[in-house]
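Descriptive structure summary
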Amino acid sequence: MAAASAAQSRKTETYTDTKRRDDVRGVNIAAARAVADAVRTSLGPRGMDKMISSGDQAQEVIITNDGATILSRMSLLQPAARMLAELSRSQDAAAGDGTTTVVVLAGSLLRRAQTLLSAGAHPTAAADSLHRLATRAVEILHSMAIPIELSDRDSLVKSASTALNSKVVSQYSSLLSPLAVDAALSVVDPAHPEILDLRDIRVMKKLGGTVDDTELIHGLIFDKKASHSAGGPTRIENAKIAVIQFQVSPPKTDIEQSVIVSDYAQMDRILREERNYILGMVKKIKASGCNVLLIQKSILRDAVTDLSLHYLAKAKILVVKDVERDEIEFITKTLNCLPIANIEHFRQDKLGHAGLVEEVSVGDTKIVKITGIKDMGRTATMLVRGSNQLVIDEAERSLHDALCVIRCLVNKRFLIAGGGAPEIEMSMQLAAWAKELQGMESYCIKEFAEALQVIPYTLAENAGLNPITIVTELRNRHAKGEKNAGINVRKGQITNILEENVVQPLLVSTSAITLACECVRMILKIDDIVTVR
Amino acid sequence: MASFIGAMAIADLVKTTLGPKGMDKILQSTGRGRNVTVTNDGATILKSLHIDNPAAKVLVDISKVQDDEVGDGTTSVVVLAGELLREAEKLVNMKIHPMTIIAGFRMAAECAHNALLLKAMDNKEDSDKFRSDLMNIAMTTLSSKILSQDKEYFADLAVDAVLRLKGSTNMESIQILKKPGGSLKDSFLDEGFILDKKIGLGQPKRIENAKILVANTAMDTDKVKIYGARVRVDSMAKVAEIEAAEKQKMREKVQKIIGHGINCFINRQLIYNFPEELFADAGILAIEHADFEGIERLGLVTGGDIASTFDNPESVKLGHCKVIEEIMIGEDRLIHFSGVQMGQACTIVLRGASEHVLDEAERSLHDALCVLSQTVNDTRVLHGGGWPEMVMAKEVDELARKTPGKKSHAIEAFSRALQAIPTIIADNAGLDSADLISQLRAEHHKEQSTAGIDVISGGVGDMKELGISESFKVKQAVLLSATEAAEMILRVDEIVTCAPRRREDMM
C-alpha cells in the first residue's frame, strides 16, 4: 500500500502554474512576511517596544509591546498582510496572549512555504501537510503539559508574570500578577468553574501615582465625583443603594409641551409647583430608607437639577449622576440589586446594601468607592494608576493579557514551559515524525518543523544573545531528553525553564500553532486577487 | 468576436477554483474599508465582479440562477459554458455557420441529457442507502471548500439538518449562526432556535412551556404622530399630570400585553427601562431589539404571529415552545428556544478562528444544504469526479459518428467541452491531465464503468468505491443552462452600444 501510494503521489507533487499566479502568491507571502518581520523584534521578555503615532490630526502616540495592538493600528492595504493582522486579533480573542508569537510563527511558516513552492510542491499538498502538522503539534504540546488546579495560586501567579514580563510594566509583574489572579478567581462562579467572563472584571484607569499604586477593589468604583454642589454628603456608612433609571427633575412629557405664563402670580405658582413636585419625589426616595442614589444618564432631559440636588442633599442622600446605561447591568450585578425605572416602584427590596460609600481623592480627581457590599455579585474592579497616560494604557493592556492568561488556565487547566522550550520540542519531534512519512508530505513537514524554531531564535536574538549558538545548544539539550530546557533570558543561557518559573497556559501555545497554520493554509490556497466593487 | 472573449475570460477566472484541489481567490473591495473576502465559491466571486462585457454578464447571470435553483455547481456551469464557447470559436473560424453549431449543440445536449437520465441511480426506497448517498454528496460538495478537513463532521451536520426538513426546501428554518472563537470542529447542530440577544434585567432566565408573543411595536411612548402637535398648559402640575398620563398609557399597554397570558415577550424595537421593569415585575421574559430577520424566523418557528396591536387577545396567535433558556456559546450569552412548534427548525452554530473562516464556512455549508435539500426531493444521484462528463462525452461521441453533415463537428466539439471539466480538475490538482483523460476515456469504453479522477491519490479511481457522488439535479442544471447560455452568446454577431439620447446635431 505504502509503495503504491508513493508511486501515485509522485504525480500529485508536480505543480505547473502560470507565471502570474506564482506572482500573486509570491506577493502575498512577501507582504505577510513583511508584517511578521515588523513585529518580530517585540517578542519575548527582552523584546523592544514600538511607538505608534497615528497619522491624523490628533497625532496620538502609543507605546506598546502587544502584537495585537501594533497590528491593529498599522494601516495595511495588502489583503494578505491584513489577514495576518486579523490572525493576531483571532489569537487575542481566543487566548488573549501570544499575539506576537502567532504572527512571527506564521511569517516563518510562510517563508518555508515559499521555498517549498519554488521547489515545485503543489500548494494544496503543502497546505494539507500543514494541517496534519498542526494536529500532531497539538498532541505533542499536550504530552508536555502539566495539569494544575485553580487552587494552586502560585502557579497561576507564575504564568501571569510570564505574560507580564515582556511588557513595559515588567518590573511591576510581582505586584500586578497576584492582583490579576485574585481578580480573576473572585469572579469564577463555582457553578460554572470552566467559564471566566472577563466582562465581569472592570479595569479603571486613573492618572497619577505610579503603577505600584494599582489596586484591586472589592466593591465598586465610579470614575466621577459625587454630586455635592449643594453640600450633600460624601461619605455614608451602612449605605442603602438605589440604581434609578428615572430622573429627579421637573416633569417633561414626550409630547411637545409649553407652559403658558400670563402674569406674575402664575410664575410664582409654577416655581412653587416645581419645588413641590421634586420634594415629593425626594420624600418618596427618603421614605424607602435609601441613602445613596445612582442615576442613569438621560439624553432626554437633565437627570438632576440644582434644585433636586439641594433637596437630596438635605435628605442626606449621596448622589452619583450620569451612570451609563450599559454599565447598569454590571452595577446591579455587583450590588445585587434591581434597577428602578419609575418612582412608583421605589421599594425597599430593590435596594442594594453596602458597608461604606465614600468619595475619595485619587490624584487630583475624585472617585466614588463602594465597599463592603452585602451579597456582592461575582465581579471585580481594578484601579490602574500610572505616572502618564502612555504607561497607564500599556499597563491596562498588559493587565488584560495577564487576565486572559488566567482565563485560558480556567478553560483548560494545563501549564506548559515557556522560553522557547515547547517550540524546540515540537520542532524536533515533528522532524523525527517527518522521517516516517513518505513523499512530498515528509518533505513539507520537515521544512515546516524547522520553521517552528523561529521562536527560540528570535527570543535569543532579541535578548542580544547569539541565536545560532543558543538554538543549537537548545536542540542538543532537548535531544538528550531535557524536555523543559529553554532560554533563560536573564542569565543568558539554557536552563530548565520550569525551575525559573517561566510558564504559560497550554491554550496559548495550542491556539497559536493551530491559528498560524490555518492562516498560512489560507494564504497558500489563494491564487488570485480580484478587485470587486 | 468580442462576446466570446469576454465570456471565456470569466470562465478562465473561476476555472482554478474547480475541484477539491481548486484554489481560492481574494476579493478585494475598492469601496470604503477595502474589505477582504477569501472564497472558493464561484457564485460569490462572480457576483462581486465588476463586469463591462455583456456576454460575460450572461455567464454571471447563469451562475446566479444556478445558485438560486440548486445552490451548487456555480463554477461548473460557467466553466462548461466557457469551454463550449471556446470550441464554438474554433468552429466559427473554420467557417461553420453559428446556426449549424447551435443545432449540433442542441442535439448533443439532448443526447447527453438522456445519457445522464439513463445512468442516474435512485436509492429512494432504501433509507439507509439514501442517507449514505446524501453523506457522499455532502462530502463531495464540501471537499472543494474550506471545510474539507472536517468534511465528514460537517456532512453529517448538514444531512441531519436537511433530513429534519422532511422534504421542504425552505432554508428559512435552518438558521446558521456564526460565532468567532474555538475551531471549526466545535460547530454543532442544535434543535430549536437561538437568538443572539440578551434577556432584560431582573427577569427570569429560564421559562418552561413558554407562551411567546412576538411583536413589532414601539415600547417607548405612543407619540401623537401629528406633525407639530403640542399641548399648552399653564402650570407645572399639569405637565406632571401629562407625564403621569403617558406613563399610565404605557402601563396600560403593558397590561394589555400581559393580558394575552404570555410569559415571554419579544419585541423588534427597543423596550425602555420603564416597561422593562413592569415586565420584570410580572415575571415575564422580555427581549428587546431583536432584528427583523430574527423576529420573522422566530414567528415562523414558534408558530406565532407578529403582533403590533394588542386590543383583541383572541385574534393574536401566540407562539409556543417548551423551554427558553440562556446558554453560553464561547464567551457570549444567547437565548435558546427549544421544543418549538415547527419541528423542522434547527440551528447550526458555526465556530471558527476568524471572520474570514466563518464567512467562507457559511457559504460552503449553505451550498451543501441547498444540494442536499434538492436531492431529498429528487433522489437521483450520480457519481462525481468527472464521471458524468465522461459518460456524456462518450454518448455524444457516438452520436457525432452517426450524424452526417457539418453538425457532427459541433457535436464532437460538445464532447470535447464536456471532457474539459475533468481536465481542469486534474490540472488544478497538478496532475498530468492529458495522460489521465486518455486513461479515463479508455476505462469508460468498457460498459458500466465507474471510473473518475481520484485527486487524492492522483490517478483514475473507482468513484463508487471512493463514495464520490453528485446530485443529479445539479448536473442536469449545469448541462442545460450552460448549453443555453452558450447558445445565446453564439447567436450574437455584434454588440451594439445603445445611444443614450438622440441629439439633433449629431445625426
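Residues numbered from 1 in each chain as written. Chains lettered and ligands numbered in written order. Predicted model: local features only at pLDDT ≥ 70, side-chain atom pairs only at ≥ 80, totals over all residues. Heavy atoms only, no water.

Some points on the environment of A:K297
All names here are of chain A. Put simply, the rule is: Put simply, DSSP marks the helices as runs of H or I at least four residues long and the strands as runs of E at least two long, and each gets a number from the N terminus on. A contact between two residues is defined here by any heavy atoms of the two lying within 4.5 Å.
Positionally, K297 belongs in the loop between strand 9 (292–296) and helix 10 (306–314). With 28 residues separating them along the chain, K297 and R325 place their C-alpha atoms 6.9 Å apart. When neighbours within four sequence positions are excluded, K297 is seen to be in contact with D322, V323 and E324.

Some details on empty space enclosed by the protein
Selection criterion: Buriedness of a pocket was judged along seven lines, with at least five required to meet protein on both sides within 12 Å; pockets are open sets of points on a 1 Å grid over the protein atoms alone, cavities are sets where a 1.4 Å probe fits but cannot get out, and lining residues have an atom within 4 Å of a point. Grid points are joined across faces, edges and corners, and a volume is the space filled by probe spheres set on the points. Charged residues are taken to be Asp, Glu, Lys and Arg, nonpolar residues to be Ala, Val, Leu, Ile, Met, Phe, Trp, Tyr, Cys and Pro, and polar residues to be all remaining types, Gly included.
Across all of its chains, the model carries four cavities of 30 Å³ or more by this definition. Among the secondary structure elements, those contributing two or more residues to the lining of the largest cavity are helix 4 (79–94) and helix 17 (506–524) of chain A together with helix 11 (355–377) of chain B. Within the lining of the largest cavity, the residues separate by chemical class into seven nonpolar, three polar and two charged. Tallying contributions element by element places helix 12 (residues 387–402) of chain B first for the lining of the second largest cavity, with three residues. Class assignment of the residues belonging to the lining of the second largest cavity gives a composition of one nonpolar, three polar and five charged.

Some details on a negative patch on the surface
Definition in use: The patches described consist of residues with a relative accessible area above 30% and no salt bridge, like charges being joined within 9 Å and nonpolar side chains (Val, Leu, Ile, Met, Phe, Trp, Tyr) within 5 Å. In this description, accessible areas are obtained by the Shrake-Rupley approach with a 1.4 Å probe, and a residue is regarded as covered only by the protein chains that are shown. A side-chain nitrogen of Lys or Arg and a carboxyl oxygen of Asp or Glu constitute a salt bridge if their distance falls within 4 Å. Counted charges follow a simple rule, with Lys and Arg positive, Asp and Glu negative, and His plus the chain ends left uncounted. Here the site of a charge means atom NZ of a Lys, CZ of an Arg, CG of an Asp or CD of a Glu. Partly exposed residues are those whose accessible area sits between 20% and 50% of the maximum for their type, while under 20% is buried and over 50% is exposed, using a 1.4 Å probe and protein chains only.
On the surface, B:D122, B:E125, B:D126 and B:D128 cluster together into a negatively charged patch. Its relative accessible area of 37% is what places B:D126 among the partly exposed residues.

Observations concerning a nonpolar patch on the surface
Judged by side-chain polarity, A:V261, A:Y264 and A:M267 come together as a nonpolar surface patch covering roughly 340 Å² of accessible area. As for its placement among the helices and strands, A:M267 is situated in helix 9 (residues 264–287).

Here's the deal with unusual backbone geometry
Residues and elements named next belong to chain A. A positive phi angle, near 60°, is found at K316, a position not held by glycine. Looking at the element boundaries, K316 is found in the loop between helix 10 and strand 10 (318–323). Of the residues examined, K316 reaches a relative accessible area of 55% and is grouped as exposed. For N336, which is not glycine, the phi torsion reads 60° and is therefore positive. As for its placement among the helices and strands, N336 is situated in the loop between helix 11 (328–335) and strand 11 (339–340).

Considering the pattern of salt bridges
The full count for this structure, using the stated rule, is 33 salt bridges over all chains. Its salt-bridge partner being A:R112, residue A:E447 comes within 3.7 Å of it at the nearest N-O pair. With A:E447 in helix 14 (residues 439–451) and A:R112 in helix 5 (residues 99–118), this residue pair connects regions lying 335 residues apart in the sequence. Assessed through its relative accessible area of 12%, A:E447 is described here as buried. A relative accessible area of 18% means that A:R112 is categorised as buried. For A:D393, the salt bridge identified is with A:K205, shortest N-O distance 3.2 Å. With A:D393 in helix 12 (residues 389–411) and A:K205 in strand 4 (residues 201–207), the pair connects residues that are 188 residues apart, well separated along the chain. By sharing partners, the salt bridges in this structure join B:D12, B:K15, B:E83 and B:R86 into a single network.

Describing the packing of helix 6 (residues 127–143) of chain B against helix 11 of chain B
All names here are of chain B. Applied cut-off: For every element, the axis is a line fit to its C-alpha atoms; helices are fit only across the contacting stretch, and the angle between N-to-C directions ranges from 0 to 180 degrees. Roughly parallel means an angle under 35 degrees; roughly antiparallel, over 145; roughly perpendicular, 65 to 115; everything else is oblique. Two helices crossing with the near one rotated counterclockwise from the far one by less than a right angle form a left-handed crossing, whereas a clockwise rotation gives a right-handed crossing.
The contact between helix 6 and helix 11 brings their axes to 9 Å, and the two run at 150°. Taken as axis vectors, helix 6 and helix 11 run roughly antiparallel relative to one another. Here helix 6 and helix 11 pass one another in a crossing that is right-handed. Here helix 6 contributes F130, L134, I137, A138, T141 and L142 to the contact with helix 11, which in turn contributes S364, D367, A368, V371, L372, T375 and V376. When its residues are assigned to classes, the contact of helix 6 with helix 11 shows nine nonpolar, three polar and one charged.

Observations regarding the pairing of strand 7 (residues 206–215) of chain B
Residues and elements named next belong to chain B. We apply this condition: Any two strands are treated as partners once DSSP identifies two or more bridges connecting them.
Taken together, the six bridges between strand 7 and strand 12 (residues 319–329) define a ladder with antiparallel strand orientation. Looking across to strand 12, one finds that R206 is bridged to E325. With four bridges connecting them, strand 7 and strand 9 (residues 264–267) associate as parallel partners. What sits directly across from L213, in strand 9, is F265. As paired elements, strand 7 and strand 11 (residues 306–307) share two bridges and run parallel to each other. Counted as the bridge partner of V214 is I306 from strand 11.

Some words on the sheet that holds strand 5 (residues 188–191) of chain B
Two modes of strand pairing occur in sheets, parallel and antiparallel, and in both the strands are linked by backbone hydrogen bonds. Residue and element names in this part refer to chain B. One open sheet accounts for three strands, arranged 4-14-5; its pairing is mixed. Edge strands, defined here as strands with exactly one partner in the open sheet, are strand 4 (174–180) and strand 5. Sheet twist, expressed as the mean angle between neighbouring strand axes with direction ignored, is 25°. Examined bridge by bridge, strand 4 and strand 14 (residues 346–352) share seven bridges and lie parallel to one another. For I176, the partnering residue across the bridge sits in strand 14 and is I348. Sheet strands in contact with helix 11 are strand 4 and strand 14, and its direction is about 160° off that of strand 4.

Focus on the interface of chain B and chain A
How we decide: By buried area we mean how much accessible surface two parts lose on assembly, using a 1.4 Å probe and totalling the loss over both.
Listed by partner, the interface residues are 70 residues for chain B and 72 residues for chain A. When the two sides are added together, the surface that chain B and chain A hide from each other amounts to roughly 6,500 Å², 52% of it contributed by carbon and sulfur. Run the count over chain B and chain A and you get two salt bridges. A salt bridge links A:D528 to B:K25; the shortest N-O distance between them is 3.8 Å. If one sorts the elements of the side of chain B that touches chain A by residue count, helix 8 (residues 236–258) of chain B sits on top with nine residues. Along the lines of polarity and charge, the residues of the side of chain B that touches chain A split into 28 nonpolar, 20 polar and 22 charged. In this sheet, strand 1 (residues 24–29) of chain B lies alongside strand 19 (residues 526–532) of chain A in parallel orientation, the contact comprising six bridges. The partner of A:T531 across the bridge, within strand 1 of chain B, is B:Q28.

Concerning the nonpolar core
What counts, and what does not: Buried Ala, Val, Leu, Ile, Met, Phe, Trp, Tyr and Cys residues that are joined via side-chain atoms within 4.5 Å together make up what is termed a nonpolar core.
Formed by 181 residues in total, the largest nonpolar core has its most connected members in A:L84, A:L430, A:F448, A:I513, B:L59, B:F105 and B:F414. When near neighbours in sequence (up to four residues on either side) are disregarded, A:I513 contacts A:L105, A:A137, A:V138, A:L141, A:M426 and A:L452. Grouped together as the second largest cluster of nonpolar side chains are 35 residues, A:V181, A:A184, A:L196 and A:A395 included.

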